[in-house]
Amino acid sequence: SFPAGMRGDHALIIPFTTSGHFIPLLDLTRHLVLRGLTVTVVATSDTLPLLSPLISDHPSSVKALVLPLCLEATSGWNDLTSCTRTAIRDLGTLHGPIRDWIAGHHSPPSVIISDMFSGWAHRLAQEVGIKSILFSPSGAMALSVIFSLWRDMPRPPPADMEDTAFAFPEIPNQPEYPWWQLSGLFRAHREGDPVSEFIKEAFLANIQSWGVVVNSFSELEGAYIDHLMKMVGHGRVWAVGPLLPVEPIVSSGQRGGISSILVEDLVSWLDSCGDRTVLYVCFGSQARLAEEQTAALASALEKSGVNFVWVVREDQPTKVALESFKDRVAGRGLVIRGWAPQLPILNHPAVDAFLTHCGWNSIMEALVAGVPMLAWPMGADQFVNATLIADQLKVARRVSEGASAIPDSDKLARAIREFINWEDCPERVRADVMRRAAADTMGHGGSSSENFDKMVKHARN
Ligand code: UDP
């Protein structure tokens with residue numbers, strides 16, 4: 001445990017278990033440690049290995065609080081909703097054990113920073129009389145939509161909800177979203193169901209947290225950050241992104257998982273391609289395409305004639321789709337089965353565009369690298385994110401939509417061919433503007449770096 005008398009310098013971090021939530025909160029934690037805080041990170045036997053590098057780099061200021069909890073694996077969009085619901089509920093059982101741990105600690109934390117899926121932590125913080133900060137792995141626009149849904153959804157929800165389109169008139173510049181695009185955010189809410197009620201309470205507690213930290217930046221989402229402040233009724237909303245690992249990009253190949261390919265091999269393959277000739281294709285840590293979708297995508301990549309790196313999850317069915325495909329595209333296409341070192345790929349000069357599911361971390365990482373995107377939103381906050389990057393910021397172009405969509409391979413091939421290595425691509429020009437804004441905001445005197453300092457100062461007092 002920590003030396004006594006350090007109250008005010010000790011933060012308790014409660015991450016959620018999936019990569020898209022864990023990775024950015026761990027990056028944030030590293031920045032807290034570099035600013036002199038000591039941290040305790042709640043871990044389970046599953047997440048402890050992800051924490052090890054942080055602990056071994058800072059053994060005196062980072063501790064893991066490992067609590068017994070066996071979470072079911074959360075993967076695949078089809079059952080993602082139910083798996084996520086279960087994991088959210090199971091993590092909530094740590095409320096009592098964490099409260100006991102705080103009560104028994106000789107220099108207890110002065111603040112809890114908890115992931116969006118651990119909203120119960122704000123009630124816990126109130127019980128023990130300390131501050132709580134919500135960490136949002138989603139952007140400010142998506143968080144505004146999520147807050148509105150949980151706060152305003154009529155109860156019981158309308159029977160004809162499936163056919164309803166939802167508008168968010170309070171939030172600036174929002175289109176109507178058909179219900180199927182939002183239902184993943186609402187986590188299959190069922191009135192009266194105990195898990196649903198627990199999740200609802202946790203989200204309402206998120207809205208009432210003492211502070212909110214968002215992985216975004218004001219040059220990207222200024223209007224939505226302002227809107228969030230209005231929604232929560234105070235100014236303690238800090239945009240501190242883009243959150244990135246502290247170590248250099250090239251050596252961050254193991255971020256969030258063990259890379260299935262040697263980073264050096266990958267880099268030398270990319271080196272052998274011309275600058276700005278490669279399409280990077282990856283749909284994050286959760287999506288698993290069905291066999292027909294994989295086949296359509298393979299066919300589009302083949303017909304497009306462009307160079308590509310395609311990340312295919314290990315447990316994705318590919319028997320028919322990838323048989324002999326790899327031979328036919330040998331030399332210009334690299335298929336990575338498993339976990340890819342996404343940051344080194346996006347930041348390599350050969351990579352010209354990113355076909356993405358519009359996960360928020362992937363978007364932030366593409367913007368940092370100045371890489372324009374082809375958008376295929378599939379679930380969760382991704383439809384909202386696509387509105388931001390394709391329709392508003394115009395750093396992306398839409399090519400498909402929905403977790404079960406099977407794209408027309410001819411159309412997709414054409415879209416890819418036209419996009420790659422296109423001298424005057426307007427999306428690339430916009431992406432380059434965002435790249436510079438992202439670098440400035442994190443630099444000395446930039447808004448995100450100042451917001452980070454403010455957050456730390458508030459959290460300490
Ligand atoms: N990621 C990675 N390698 C992979 C797949 C994903 O490094 O093979 C990382 C990616 O860089 C990002 C995170 O995992 O930081 C995925 O988060 P995102 O919000 O994009 O999508 P999600 O997985 O939550 O759907």
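Residues numbered from 1 in each chain as written. Predicted model: local features only at pLDDT ≥ 70, side-chain atom pairs only at ≥ 80, totals over all residues. Heavy atoms only, no water.

**A word on the sheet that holds strand 1 (residues 10-14)**
Strand order in this open sheet of seven strands is 3-2-1-4-5-8-9, and the pairing throughout is parallel. Of all the strands in the sheet, just strand 3 (62-66) and strand 9 (237-239) have a single pairing partner and so form its edges. With strand direction ignored, the average angle separating the axes of adjacent strands in the sheet is 20°. Here three bridges tie strand 8 (residues 211-214) to strand 9, and the two strands are oriented parallel to one another. Of the residues in strand 9, the one forming a bridge with Val213 is Trp238. Against the sheet, helix 1 (residues 19-34) makes contact with strand 1, strand 2 (38-43), strand 3, strand 4 (111-115), strand 5 (131-136) and strand 8, and its axis sits at roughly 155° relative to strand 4, the strand it touches most. Of the strands in this sheet, strand 1, strand 2, strand 3 and strand 4 are in contact with helix 4 (residues 95-104), which crosses strand 1 at around 170°. (Pairing = 2+ DSSP bridges. Helix = DSSP H or I, 4+ residues; strand = E, 2+ residues; numbered from the N terminus. Axes fitted to C-alpha atoms, helices over the stretch in contact; angles between N-to-C directions. Contact = heavy atoms within 4.5 Å.)

**Examining helix 15 (residues 360-369)**
Among the ten residues that make up helix 15, ten are buried, leaving the element largely enclosed by the rest of the structure. Of all the positions in helix 15, only Trp360, Asn361, Ser362, Ile363, Met364, Glu365, Ala366, Leu367, Val368 and Ala369 are classed as buried. Looking one or two places after helix 15, you find Gly370, whose phi comes out positive at around 70°. (Buried < 20%, exposed > 50% of the residue type's maximum accessible area, 1.4 Å probe, protein only.)

**Focus on the side chain of Ser362**
Position of Ser362 among the secondary structure elements: in helix 15. According to the relative accessible area criterion, Ser362 is buried, its value standing at 6%. Ignoring sequence-local partners within four residues, the contact set of Ser362 consists of Gln342, Phe354, Thr356 and His357.

**A word on the site of the ligand**
In the vicinity of the ligand lie 19 residues, with Ser285, Ala340, Asn361, Ser362 and Glu365 positioned nearest. Take Trp360: an N or O atom from its main chain is 3.4 Å from an oxygen atom of the ligand. Compared with its free state, where it exposes 540 Å², the ligand has 94% of that area covered by protein. Those elements that provide at least two residues to the shell around the ligand are helix 1 and helix 15. Taken together, the residues of the shell around the ligand break down into six nonpolar, ten polar and three charged. (Near = heavy atom within 4 Å. Polar contact = N/O pair within 3.5 Å; in protein donor to acceptor, adjacent residues only side chain to side chain. Areas by Shrake-Rupley, 256 points an atom, 1.4 Å probe, with all protein chains shown as cover. Nonpolar A, V, L, I, M, F, W, Y, C, P; charged D, E, K, R; others polar.)

**Here we look at the packing of helix 6 (residues 140-152) against helix 8 (residues 194-207)**
The N-to-C vectors of helix 6 and helix 8 enclose an angle of 120°; their axes lie 10 Å apart at closest approach. Taken together, helix 6 and helix 8 sit at an angle that is classed as oblique. Read as a crossing pair, helix 6 and helix 8 show a hand that is left-handed. Between helix 6 and helix 8, the contacting residues are Ile146, Phe147, Trp150 and Arg151 on the first element and Ile199, Lys200, Phe203, Leu204, Asn206 and Ile207 on the second. For the contact of helix 6 with helix 8, the class distribution of residues is seven nonpolar, one polar and two charged. (Parallel < 35°, antiparallel > 145°, perpendicular 65-115°, else oblique. Left-handed = near helix turned anticlockwise from the far one by under 90°.)

**Structural notes on the pairing of strand 11 (residues 307-312)**
Residues in a regular strand project their side chains so that they alternate between the two faces of the sheet. Taken across its six residues, strand 11 has six buried, putting it largely inside the fold. Residues Asn307, Val309 and Val311 point to one face of strand 11 and Phe308, Trp310 and Val312 to the other, with burial holding for every one of them. Of the strand pairs in this sheet, strand 10 (residues 278-282) and strand 11 are connected by four bridges, and their pairing is parallel. Each bridged residue has a counterpart across the sheet, and for Val278 the counterpart in strand 11 is Asn307. Between the parallel pair strand 10 and strand 11, the chain is carried across by helix 11 (residues 291-304), and the sense of this crossover is right-handed. Inspection of the sheet shows strand 11 paired to strand 12 (residues 333-337) by five bridges, in the parallel sense. Looking across to strand 12, one finds that Val309 is bridged to Leu334. (Right-handed = clockwise from strand over helix to strand, strands pointing away.)

**Things to note about the environment of Glu176**
Relative to the helices and strands, Glu176 is located in the loop between strand 6 (165-166) and strand 7 (177-178). Remark: the alpha-carbon pair of Glu176 and Thr164, spanning twelve residues in sequence, is separated by 9.6 Å. Apart from the residues lying within four places of it in its own chain, the contact partners of Glu176 are Ala165, Phe166 and Ala167.

**Things to note about the confidence of the model for the chain**
The pLDDT averaged across the chain works out to 91; a share of 93% of its residues lies at or above 70. Segment residues 1-7 is flagged for pLDDT under 50; beyond a separation of four residues in sequence, or across chains, it makes 24 contacts in the model. A low-confidence stretch, residues 74-79 stays under pLDDT 50, and its non-local contacts, those more than four residues away or across chains, total 19 contacts. Of the two predicted TM-score estimates for the complex, the pTM is 0.95 and the ipTM is 1.00. (pLDDT = per-residue confidence, 0-100.)

**Some words on the pairing of strand 2**
Within strand 2, six of the six residues are buried, which leaves the element mostly enclosed by the surrounding structure. What you see with strand 2 is no split at all: Thr38, Thr40 and Val42 on one side and Val39, Val41 and Ala43 on the other are buried throughout. Both strand 1 and strand 2 contribute to a ladder of four bridges, which runs parallel. Bridged to Ala11 within strand 2 is Val39. The parallel pair strand 1 and strand 2, bridged by helix 1, forms a crossover whose chirality is right-handed. Pairing of strand 2 with strand 3, which is carried by five bridges, proceeds in the parallel orientation. Looking at strand 3, one finds that Val42 is bridged to Leu65. Each parallel crossover has a hand, and for strand 2 linked through helix 2 (residues 48-57) to strand 3 it is right-handed.

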